[in-house]
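Breakdown of the fold
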Protein chains: 2
Amino acid sequence: MGASKTEHFSDEQNTIAIIAKALGHPARIAIIEHLIKVNACICGEIVNELPLAQPTVSQHLKELKNAKIIKGTIEGNSICYCIDETTLNHLKNYFENITKQLKIKSTHCC
Amino acid sequence: MGASKTEHFSDEQNTIAIIAKALGHPARIAIIEHLIKVNACICGEIVNELPLAQPTVSQHLKELKNAKIIKGTIEGNSICYCIDETTLNHLKNYFENITKQLKIKSTHCC
DNA sequence: TTTATTTATTGCAATATTACGATATATATT
DNA sequence: AATATATATCGTAATATTGCAATAAATAAA
């Protein structure tokens, strides 16, 4: 096959998986880190920061946009990207919750 | 192509991407959640919980093991899986750090 | 030892991802 | 209008992922 059986899982499970998947590439992690480092919106220049061709970067940006991890607004003849805090906060909360439950239970046996 | 240019990115960026990628499938999120819910090690039974065939589940478990998100130890003729807290804590800390930086800077413009 | 149980591996088909050259689009500048 | 600049899309090749039937491997139970 090759297609995931998303219909068998909960909305939350699918949502978390989509966000995690979008972050599952070093280039996209690098994009996120750069957006944070330069603080807020940058118009263009992401391409120059990455060791990848312009169409490839554009594709990675599109995937981050689809997962709602970044937002892009048109600014003259360039596009201004910044992080969508809501989505990263959602992911952060999810992992905080999971690790908290692990700490509470912590029944180590392996 | 199809292969990521991992050598151009930092170790930390690659590590986070590998963990995120491993969590980038709803079945693997479901496995993690089940491991937490039943608390600690369960020997087998994960296959019965998921709407997927045994070889498929085995493959997902392998990927979670490769990313060091779960650990598996042999227990009689079955295998006992549990979560490797270190890895999920690493990821949690990473996202806490990122979202903290976002909160500090918070220069909204999009 | 034979049989059952549990998990892993192999092989394969369908689909998705990654990367990039070529090209399109859209605005800015001259 | 013509040209430059910035980003997106298309097309395509290489590779990876997903899913499962068939089968192997390894231990447990009879």
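Since we're looking at a predicted model, the values are computed, not measured. (Residues numbered from 1 in each chain as written. Chains lettered and ligands numbered in written order. Predicted model: local features only at pLDDT ≥ 70, side-chain atom pairs only at ≥ 80, totals over all residues. Heavy atoms only, no water.)

Thoughts on the overall build of chain A
The cut-off we apply is this: Helix and strand assignments come from DSSP, with helices taken as H or I runs of at least 4 residues and strands as E runs of at least 2, each series counted from the N terminus. Here, two residues are considered to be in contact whenever any of their heavy atoms come within 4.5 Å of each other.
Across its full length, chain A holds five helices and three strands. Scanning chain A from its N terminus toward the C terminus, one meets helices and strands in the order α-α-β-α-α-β-β-α. Counting only contacts in chain A whose residues sit at least 6 apart along the sequence, the fraction spanning at least 24 positions is 53%.

Describing the packing of helix H2 (residues 26-37) of chain B against helix H4 (residues 54-66) of chain B
All names here are of chain B. For the record, the criterion: A fitted line through C-alpha atoms serves as each axis, taken over the contacting stretch for helices, and the angle formed by two N-to-C directions is quoted from 0 to 180°. Any angle from 65 to 115 degrees is called roughly perpendicular, while one under 35 is roughly parallel, one over 145 is roughly antiparallel, and all others are oblique. When residues are grouped by polarity, Ala, Val, Leu, Ile, Met, Phe, Trp, Tyr, Cys and Pro land in nonpolar, Asp, Glu, Lys and Arg in charged, and all others, Gly among them, in polar.
With their axes 10 Å apart at the nearest point, H2 and H4 run at an angle of 75 degrees to one another. Considering their axes alone, H2 and H4 lie roughly perpendicular with respect to each other. Taking contact as the criterion, the partners of Ala-27, Arg-28, Ile-31 and Ile-32 in H2 are, on H4, His-60, Leu-61, Glu-63 and Leu-64. Within the contact of H2 with H4, the residues separate by chemical class into five nonpolar, one polar and two charged.

Observations regarding the relation of the copies chain B and chain A
Using the following cut-off: C-alpha atoms of residues with pLDDT of at least 70 in both copies form the basis for the least-squares superposition of the copies.
The two copies are related by a screw operation: chain B maps onto chain A through 180 degrees of rotation and 0.0 Å of translation along the axis, at an RMSD of 0.0 Å. The superposition of one copy onto the other is thereby described by a two-fold rotation axis. Interface overlap between copies: 100% of the residues of chain B at the interface are likewise at the interface in chain A, consistent with a symmetric, same-surface contact.

Section: the side chain of Asp-84 of chain A
Residue and element names in this part refer to chain A. Going by this rule: Type-normalised accessible area, obtained with a 1.4 Å probe on protein chains alone, sets the label of each residue: buried when under 20%, exposed when over 50%, and partly exposed for intermediate values. Asp and Glu are treated as the negative residues and Lys and Arg as the positive ones, with His and the ends of the chain left uncounted. The working definition used for a salt bridge is a side-chain nitrogen of Lys or Arg within 4 Å of a carboxyl oxygen of Asp or Glu.
Mapped onto the secondary structure, Asp-84 falls in the loop between strand S3 (78-83) and helix H5 (85-105). One buried charged residue, Asp-84, remains without a salt bridge, the closest side chain of opposite sign being Lys-71 at 4.8 Å. Not counting residues up to four positions away in its chain, the partners in contact with Asp-84 are Lys-68, Ile-69, Ile-70 and Lys-71.

Things to note about the pairing of S3 of chain A
Residues and elements named next belong to chain A. The criterion, for reference: One requirement defines pairing of two strands: DSSP has to find at least two bridges between them.
Looking at chain direction, strand S2 (residues 70-75) and S3 are connected through six bridges and run antiparallel. Counterpart to Thr-73 in the pairing with S3 is Cys-80. Count of turn residues in the S2/S3 antiparallel hairpin: two residues, of which Gly-76 carries a positive phi of about 65 degrees.

Notes on helix H4 (residues 54-66) of chain A
In an α-helix, one full turn covers 3.6 residues, which means residues spaced three or four apart are oriented alike. For clarity, the threshold we go by: Helices are assigned an expected span. That span is 1.5 Å times one less than the residue count.
Compared with an ideal rise of 1.5 Å per residue, which puts 13 residues at 18 Å, H4 of chain A spans 18 Å between its outermost C-alpha atoms and is within 8% of the ideal. Contacts made by the buried residues of H4 of chain A are with helix H1 (11-22), helix H2 (26-37), helix H3 (46-49), S2 and S3 of chain A.

Remarks on the interface of chain B and chain A
For the record, the criterion: Here's the idea: put two parts together, see how much 1.4 Å probe accessible area each one loses, and the total over both is what we call buried area. Two N or O atoms form a polar contact when they lie within 3.5 Å of each other; inside protein one atom must be a possible hydrogen donor and the other a possible acceptor, and for residues adjacent in sequence the pair counts only when both atoms belong to side chains.
Tallying the contact residues gives 52 residues for chain B and 52 residues for chain A. Carbon and sulfur atoms make up 71% of the area that chain B and chain A hide from each other, which totals about 4400 Å². The tally of links from chain B across to chain A stands at zero salt bridges. Our count for the contact surface shared by chain B and chain A stands at four residue pairs in polar contact (both at pLDDT 80 or more). Those elements giving two or more residues to the side of chain B that touches chain A turn out to be helix H1 (11-22), H2, strand S2 (70-75), strand S3 (78-83) and helix H5 (85-105) of chain B. For the side of chain B that touches chain A, the leading source of residues is H5 of chain B, giving 13 residues.

Let's talk about unusual backbone geometry
Unusually for a residue other than glycine, Lys-68 of chain A sits at a positive phi of about 60 degrees. With respect to the secondary-structure elements, Lys-68 of chain A resides in the loop between H4 and S2.

A word on the packing of aromatic side chains
Under the convention used in this document: Here a pair means two rings of Phe, Tyr or Trp (six-membered ring of Trp) with centres within 6.5 Å. Their orientation is stacked below 30 degrees between planes, edge-to-face above 60, and tilted elsewhere.
All chains considered together, the criterion is met by three aromatic pairs over all chains. Taken together, a centroid distance of 5.4 Å and an interplanar angle of 80 degrees make the contact between Tyr-94 of chain B and Phe-95 of chain B edge-to-face. When sorted by exposure, Tyr-94 of chain B lands in the same class as Phe-95 of chain B, which is buried. Ring-pair connections join several aromatic residues into one group, and the members of that group are Tyr-94 and Phe-95 of chain A together with Tyr-94 and Phe-95 of chain B.

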